[in-house]
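This is what each chain is made of:
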Amino acid sequence: MWRARAAAVCVVCQSLANSSYGVKRKLPLQKVHLVSRSIHHPHYPSSKFPLRISVHRFSSLNHPPFWKTKLLSVKYGYPPHRNFWLARLASRLLKLRYLVLGSAVGGGYTAKKTYDQWKEMLPDLSDYKWIVPDFIWELDEHIDFEKLSKALPDAEDLAKLLPDFDKIGESFSSLKGFFSPGYNLVSEVIGASDLLLLLGSQGETAFRATDQGYENDKQYKKVSDKEKIDQLQEELLHTQLKYQRILERLEKENKELRKLVLQKDDKGIHQRKLKKSLIDMYSEVLDTLSDYDASYNTQDHLPRVVVVGDQSAGKTSVLEMIAQARIFPRGSGEMMTRSPVKVTLSEGPHHVAVFKDSSREFDLSKEEDLAALRHEIEIRMRKSVKEGCTVSAETISLNVKGPGLQRMVLVDLPGVISTVTSGMAPDTKDTIFSISKAYMQNPNAIILCIQDGSVDAERSIVTDLVSQMDPHGKRTIFVLTKVDLAEKNVASPNRIQQIIEGKLFPMKALGYFAVVTGKGNSSESIESIKDYEEEFFQNSKLLKTCMLKAHQVTTRNLSLAVSDCFWNMVRESVEQQADAFKATRFNLETEWKNNYPRLRELDRNELFEKAKNEILDEVISLSQVTPKHWEEILQKTLWERVSTHVIENIYLPAAQTTNSGTFNTTVDIKLKQWTDKQLPNKAVEVAWETLQEEFSLFMTERKGKEHDDIFDKLKQAVKEESIKRHKWNERAEDSLRVIQHNALEDRSISDKQQWDAAIHFMEETLQSRLKDTESVIEDMVGPDWKKRWFYWVGRTKEQNIRSETKNELEKMIKCNEDHAAYLANDEVTTVRKNLEAKGVTVDPCLIKDTWHQVYRRHFLKTALSHCNLCRRGFYYYQRHFVDSELECNDVVLFWRIQRMLAITANTLRQQLTNTEVRRLEKNVKEVLEDFAEDSDKKVKLLTGKRVQLAEDLKKVREIQEKLEVFIEALHQEK
């Protein structure tokens, strides 16, 4: 049965192959149908059984008549069977594939040829691939998509992890309207990015062109190459601007979303604490370094963005655009930046500004706070500038936070000037240059060079300075400001192109940017300035004619470039700087161990606290002085101050009188005048000076081995300032006057002991005066014969004259021991003539001066002898010297003076211990508190190698620790 069917199929195939419009012919075995050859012919060779059939003319789609089908002859051994029409129909249809295949090959060749023609017609757009970020092209190099796809779970596993959307659908339904704008913006961005990708690829651009049809191809061919390039450039510019606007809108919405999230975090919704940002940590390192070296003498290599430029070039405006707030004082043609301002930009939920040393936050969204911030910056700048100077090197540190701000640290420096005008210090220009060079010499500092585009390039000063500091331009970013004025006023726009291409100025840079920071109106808002800048560059011929590239314009692109450059520099150099500070720390610790092995490392603040405690302890010990000690010191000091007045103005004039009544009257009058005018004031002065001396003694007294001379300068300053602030109680003088007046009016000596004490006091006083007088006379007349003989010294000519005059006057006193205190004119003439007779010429004034000392010595000797006689005169005193030739009124005078001194000393001691010592302690505490707040005072008063070494060691440790924490956080973020 099987063989019969196979033979039938083979016969059919042969009949179909041999038939050619009714012509009978033989077909070789190799041309027999594949099915027939593989099934039938191996078993039944065709050579044994030749087959001849006739093929009738008919259509392949018609059914052949059954009666015309020839059957095999029975004589060959085949059973008769029917020929299948379906097989013949399939063979006809199989011929169609050759027609289709040929048509496909020809059409493909034609399409390829058309594609190549269009490809040659289109310009090369590979230069515009920068529109798409680089990380998209390199995405497959950093991400293993195959490994990622294998790591993803199956759909069934994901389905198990999904939450119940029916339950949470109601919660998200309310947020659908809030997030729909963001979703739409994302869709627009994706569409724009697809368009830019198509523009950046030649093949895809050509493919888009071929889809426009044959008619558009002909029309496009007629357009010249220049017009095509202009059309593509304009299309690319509009697409990029549209893309930029979409990005800005998306970022603005993203800011609002981040702000809401951060605000929810602040309210405690998520109950999590935000970590300190990297830029804040880095800013703290720079602040610590600034405190460590306020004069910027330490050449640290930590990166920072240094903003330099000519005065009024627009530095402040560029910084304000980057900070998104008008935070700096502004002036027209006037120097406003008088000291470096370090601005730390970081991201935060609110747009605020905070000074490093203050807790007050300035809300930058409110005009009142902005005005207050500008005023505060201006005040701080004026305080930092010393008297007689115009600029200062002291850095003002300001932190600005806000949603969407680029993280970086910028230092705004005073503008470089070429001429010192009136009102400025003569060294202002050199000071600005030195400050700028100090910051730019840092090899890791990014120099943001600001150049005014509206002035001639030849007037630039800062470009020469920048080219000196960074000749290869490896860390310089050039910014051309006021491009709108430049395009309007400059006759040749090609100069702007040359500037941006780095061909006009003698300097190199990493990047060149052109910005517009407003119309020059200080009341413009940041939003209005951004709109004006965008509108200007959208319509600018500089962009349309390709003199400027789109990525080189707007302050936004500038801030992104500066931020990227800053962080790249930080990542490359921060670990190296941390190692440098680590080595510095080791050197300082080694030096301390070798020089101060037994002392603890105390910085200025710790040393000040230690000195403060010592000073307060010494002031407290002042109140422990005994009353006896106070009174003895006060009485002794007061008598030293008033003794001259008592002897010269009261006692000696009264002693020249002839009787006791006149003596007492003269004494009472002079004592009353003295008490009313001079004595109370003099007593208060003595008390105040005594308090100062005792206070100084306690402050400067060494405490043995524990004494540290490093505090001496501070203690001296505290003592002087406390004494300067202290004022004696004004009422004390009035009450003291009454007490002294009553004490001097009393003449009643109660007992013999007081009498003897008065005589002793009188003798000491007179002997002291006599000793002083003899010393004066000796200086006048020179050494006596004993000193001349033993010490081989001689007299001068004037001393010889005075010696002869003294001898002549002593003869006169011997003749009249009761001589008056003054010489008469005839007596002066007599003495002069007697000396002239001896060959000595003398002046009358010299005679009178010599007489004063000679008579004074004679009077004091007489008073001392009279004092010895009065030792036994207390009995006569009790009888008021009645029927007695002995009168001791001078002893009574000295007793009155002595009693007044004792009462005054007691009164002053009470005022000291009860009032003045406590007030002095209070003044000392106030002075110490003021010094504690004044860092300059600490640096000035606590000086020395040991203090500086401890201070440096502490600061370096702090900087190193903060750098290590920052580096760790930087690695975690990466």
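Structure shown above.
A quick note: this is a predicted structure, and the numbers were derived from the prediction, not measured.

Asks: What am I meant to see in the packing of aromatic side chains here?
Replies: Think of a pair of aromatic rings as described by two things: how far the centres are apart, and how the planes are tilted against each other in angle. Using the criterion set out here, one finds 18 aromatic pairs in the structure. Residues Y282 and F966 carry aromatic rings whose centres are separated by 5.2 Å and whose planes lie at 45° to one another, so their mutual orientation is tilted. Note that Y282 is positioned in helix α14 (residues 278–292) and F966 in helix α38 (residues 945–973), a separation of 684 residues in sequence. On the numbers, 5.6 Å between centres and 45° between planes, the contact of F478 with F505 is tilted. With a gap of 27 residues between them, F478 in strand β8 (residues 476–481) and F505 in the loop between α20 (494–500) and β9 (511–514) connect regions that are remote in the sequence. Taken together, W639, Y651, F761, F859 and F894 form an aromatic cluster joined through their ring pairs. Over the ring of F355 we find R380; its NZ or CZ atom is 4.1 Å from the centre of that ring. Between the NZ or CZ atom of K938 and the centre of the ring of F608, over which it lies, the distance is 5.3 Å.

Asks: Is there a simple way to think about the pairing of β8 in this case?
Replies: Most of β8 sits out of view: six of its six residues are buried. Residues T476, F478 and L480 of β8 are buried on one face, and the alternating residues I477, V479 and T481, pointing to the opposite face, are buried as well. Here strand β7 (residues 446–452) runs beside β8; their pairing, made up of six bridges, is parallel. For C449, the partnering residue across the bridge sits in β8 and is F478.

Asks: How do you make sense of the sheet that holds β8 when you look at a structure like this?
Replies: Backbone-to-backbone hydrogen bonds pair the strands of a sheet. The strands run either parallel or antiparallel. Taken in spatial order, the nine strands make up an open sheet running β4-β3-β5-β2-β6-β1-β7-β8-β9, and their pairing is mixed. Here the strands that pair on one side only, and so sit at the sheet edges, are β4 (361–363) and β9. On average, adjacent strands in this sheet sit at an angle of 25° to one another, irrespective of strand direction. Inspection of the sheet shows strand β2 (residues 341–347) paired to strand β5 (residues 396–402) by seven bridges, in the parallel sense.

Asks: Honestly, helix α25 (residues 627–655) in this entry has me stumped. Any pointers?
Replies: Given 3.6 residues per turn, any residue in an α-helix points the same way as the ones three and four places further on. Between the first and last C-alpha of α25 there are merely 36 Å, a value that for 29 residues lags more than 12% behind the 42 Å anticipated at 1.5 Å per step. Taking the largest bend as the criterion, α25 deviates by roughly 45°, centred on V642.

Asks: When you look at the side chain of T765 in this model, what are you seeing that I'm missing?
Replies: Its location among the elements puts T765 in helix α30 (residues 752–781). Judged by its relative accessible area of 6%, T765 is buried.

Asks: I would appreciate a short explanation of a positive patch on the surface in the present structure.
Replies: Residues K713, K724, K937 and K940 make up a contiguous surface patch of positive charge. Sorting the residues of the positive patch by element identifies α28 (712–725) and α37 (935–941) as the ones contributing at least two each. One can find K937 in helix α37. K937 gets classed as partly exposed once you look at its relative accessible area, which sits at 32%.

Asks: Quick question: what am I supposed to make of the environment of G309 here?
Replies: Among the secondary structure elements, G309 is positioned in strand β1 (residues 305–309). On the basis of relative accessibility, which here comes to 0%, the residue G309 falls in the buried class. In the structure, G309 is positioned 153 residues away from V462 in sequence and 5.5 Å away in space, judged by C-alpha atoms. Leave out the neighbours within four places in its chain, and G309 touches K315, G415, V416, I450 and V462.

Asks: Can you help me understand helix α26 (residues 660–677) in this one?
Replies: The end-to-end C-alpha distance of α26 is 26 Å, a good match for the 26 Å that 18 residues give at a rise of 1.5 Å each. Among the residues making up α26, those that are buried are F663, T666, V667, L671, W674 and T675. The arc enclosing the buried residues of α26, seen along the axis, measures out at 155°, which places them on a common side. Measuring from the side-chain oxygen of the N-cap residue of α26 to the backbone nitrogen of G661 gives 3.4 Å; that N-cap residue is N659.

Asks: Help me out: how do you make sense of the pattern of salt bridges in this one?
Replies: The final tally for this structure, using the stated rule, is 36 salt bridges. For the salt bridge of D357 with R380, the shortest nitrogen-to-oxygen distance reads 3.0 Å. Residue D357 is found in the loop between β3 (352–355) and β4, and its partner R380 is found in helix α16 (residues 367–384); the two are separated by 23 residues along the sequence. Here K838 and E808 are joined by a salt bridge, their closest N and O atoms 3.5 Å apart. Of this pair, K838 sits in the loop between α33 (825–837) and α34 (844–869) while E808 is found in helix α32 (residues 797–815), placing the two residues 30 residues apart along the sequence. Judged by its relative accessible area of 45%, K838 is partly exposed.

Asks: Looking at this structure, I do not really get the pairing of β3. What am I missing?
Replies: For a regular strand, side chains alternate in direction, first toward one face of the sheet and then toward the other. Where burial is concerned, the two faces of β3 agree: the one with V352 and V354 and the one with A353 and F355 are both buried. Bridge count for β3 against β4 is three bridges, and the pairing is antiparallel. The residue bridging V352 from the neighbouring strand is D363, located in β4. Here β3 folds back onto β4 in antiparallel fashion, the turn holding five residues. Relative to β5, β3 is paired through four bridges, and the arrangement is antiparallel. By the bridge assignment for β5, A353 is matched with V400.

What counts, and at which threshold
- Residues numbered from 1 in each chain as written.
- Predicted model: local features only at pLDDT ≥ 70, side-chain atom pairs only at ≥ 80, totals over all residues.
- Heavy atoms only, no water.
- Phe/Tyr/Trp six-rings, centres within 6.5 Å; stacked < 30°, edge-to-face > 60°.
- Helix = DSSP H or I, 4+ residues; strand = E, 2+ residues; numbered from the N terminus.
- Lys NZ or Arg CZ within 6 Å of the ring centre and 35° of its normal.
- Buried < 20%, exposed > 50% of the residue type's maximum accessible area, 1.4 Å probe, protein only.
- Pairing = 2+ DSSP bridges.
- Axes fitted to C-alpha atoms, helices over the stretch in contact; angles between N-to-C directions.
- Expected span 1.5 Å × (residues − 1).
- Bend = angle between axes of the 7 residues up to and from the residue.
- Patch = residues over 30% accessible without salt bridge, like charges linked within 9 Å, V, L, I, M, F, W, Y side chains within 5 Å.
- Areas by Shrake-Rupley, 256 points an atom, 1.4 Å probe, with all protein chains shown as cover.
- Salt bridge = Lys/Arg side-chain N within 4 Å of Asp/Glu carboxyl O.
- Lys, Arg positive; Asp, Glu negative; His and termini not counted.
- Charge placed at Lys NZ, Arg CZ, Asp CG, Glu CD.
- Contact = heavy atoms within 4.5 Å.
- Arc of directions from axis to C-beta.
- Polar contact = N/O pair within 3.5 Å; in protein donor to acceptor, adjacent residues only side chain to side chain.

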